[in-house]
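Coordinate analysis (summary)
Each chain, letter by letter, is given below.
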Amino acid sequence: MIGQLVDYTVQHFAGEEAMLEGAGYPLIEQHKAIHRRFVDKVSQMQARHEMGVDTTDELLKMLEVWLFSHILHHDHGYVKVVKASLAQH
Ligand SMILES: [Fe+2]
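None of these values were measured; they are calculated from a predicted model.

What counts, and where the lines are drawn
Residues numbered from 1 in each chain as written. Predicted model: local features only at pLDDT ≥ 70, side-chain atom pairs only at ≥ 80, totals over all residues. Heavy atoms only, no water. Helix = DSSP H or I, 4+ residues; strand = E, 2+ residues; numbered from the N terminus. Buried < 20%, exposed > 50% of the residue type's maximum accessible area, 1.4 Å probe, protein only. Contact = heavy atoms within 4.5 Å. Salt bridge = Lys/Arg side-chain N within 4 Å of Asp/Glu carboxyl O. Core = buried A, V, L, I, M, F, W, Y, C linked by side-chain atoms within 4.5 Å.

**Re the overall build of the protein chain**
Scanning the protein chain for helices and strands turns up 4 helices and 0 strands. Ordered by position from the N terminus, the helices and strands of the protein chain form the series α-α-α-α. Taking the principal axes of the C-alpha coordinates as reference, the protein chain spans close to 50 × 20 × 20 Å. Expressed as a percentage of its 89 residues, the buried residues of the protein chain come to 34%. Of the contacts formed within the protein chain by residues at least 6 apart in sequence, a portion of 69% connects residues at least 24 apart.

**Quick notes on the pattern of salt bridges**
Counting across every chain of the model gives 3 salt bridges. Note that K32 and E21 form a salt bridge whose closest N and O atoms lie 3.5 Å from each other. With K32 in helix α2 (residues 28–50) and E21 in helix α1 (residues 2–23), this residue pair connects regions lying 11 residues apart in the sequence. For K32, a relative accessible area of 17% gives the class buried. Among the ionic pairs, R48 bridges to E58, the shortest N-O distance being 2.7 Å. Residue R48 is located in helix α2, and its partner E58 is located in helix α3 (residues 56–74); the two are separated by 10 residues in the primary sequence. A network of salt bridges, in which partner residues are shared, links E21, E29 and K32.

**Some thoughts on the nonpolar core**
If you look at the biggest cluster of nonpolar residues, it comprises 13 residues, and the most contacted ones within it are F38, V42, L59, M62 and W66. Secondary structure elements with two or more residues in this core: α1, α2 and α3. With 5 residues, the single largest contributor to this core is α2. With near-sequence residues (within four places) excluded, M62 lies in contact with F38, K41, V42, M45 and L67. Among the nonpolar cores identified, the runner-up in size contains 6 residues, and Y25, I28, Y78 and V82 belong to it.

Structure follows, in structure tokens:
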């Protein structure tokens, strides 16, 4: 399941980053870096899980905290730019 989460996350972030690129979002590099750090964290957790460590609680906690905070604070920041860009096309 962690593997699927990593695959899904990478795909999701790629789609989001393509959208931000298309909209000319000025903070795209910072946003990409945040995405990369999240993928790195989940990948590290996946590696530890494969070595036999039970990372379930840690993973759930991180998803809860990270996803809510990312969507609220970071993703929220590009909504105006993307909406404006969509309105122009
Ligand atoms: Fe994001």
